Amino acid sequence: MQHSEHMNRCIGCTVQQCAHHAGKDNFCTLDKVSIGTHEKDPTEPQCVDCESFRLGN
Ligand code: SF4
């Protein structure tokens, strides 16, 4: 878990299992994240992924 003073308020995130999550605050601590898709033709939010996710907390 990262310290919340480093959180990036431009990147909201609720994935608390990620090593880059700000902990009790629902933000990412990275300056930049990469978003991608595992679908050939994405049509809804569930089709896209944060590719910067790393298992951590
Ligand atoms: S890297 Fe992605 S999944 Fe992890 S906290 Fe940041 S935005 Fe969330």
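Figured I'd write up the structure that's included with this text. (Residues numbered from 1 in each chain as written. Predicted model: local features only at pLDDT ≥ 70, side-chain atom pairs only at ≥ 80, totals over all residues. Heavy atoms only, no water.)

Before going further, it helps to spend a moment on the pattern of salt bridges. Counted under the stated rule, the structure contains one salt bridge. The shortest N-O distance in the salt bridge between Asp25 and Lys24 comes to 3.5 Å. For Lys24, a relative accessible area of 70% puts it in the exposed group. (Salt bridge = Lys/Arg side-chain N within 4 Å of Asp/Glu carboxyl O. Buried < 20%, exposed > 50% of the residue type's maximum accessible area, 1.4 Å probe, protein only.)

Turning to the site of the ligand, a few remarks are in order. In the vicinity of the ligand, the residues found are Ile11, Cys13, Cys18, His20, His21, Cys28, Leu30, Val33, Cys50, Ser52 and Phe53. Here the residues of the shell around the ligand are counted per class, giving eight nonpolar, three polar and no charged. (Near = heavy atom within 4 Å. Nonpolar A, V, L, I, M, F, W, Y, C, P; charged D, E, K, R; others polar.)

Note that Thr29 resides in the loop between strand 2 (27-28) and strand 3 (35-37). Here Thr29 falls in the buried class, since its relative accessible area comes to 12%. For Thr29, the side chain forms a polar contact with the main-chain oxygen of His20, separated by 2.7 Å. (Helix = DSSP H or I, 4+ residues; strand = E, 2+ residues; numbered from the N terminus. Polar contact = N/O pair within 3.5 Å; in protein donor to acceptor, adjacent residues only side chain to side chain.)

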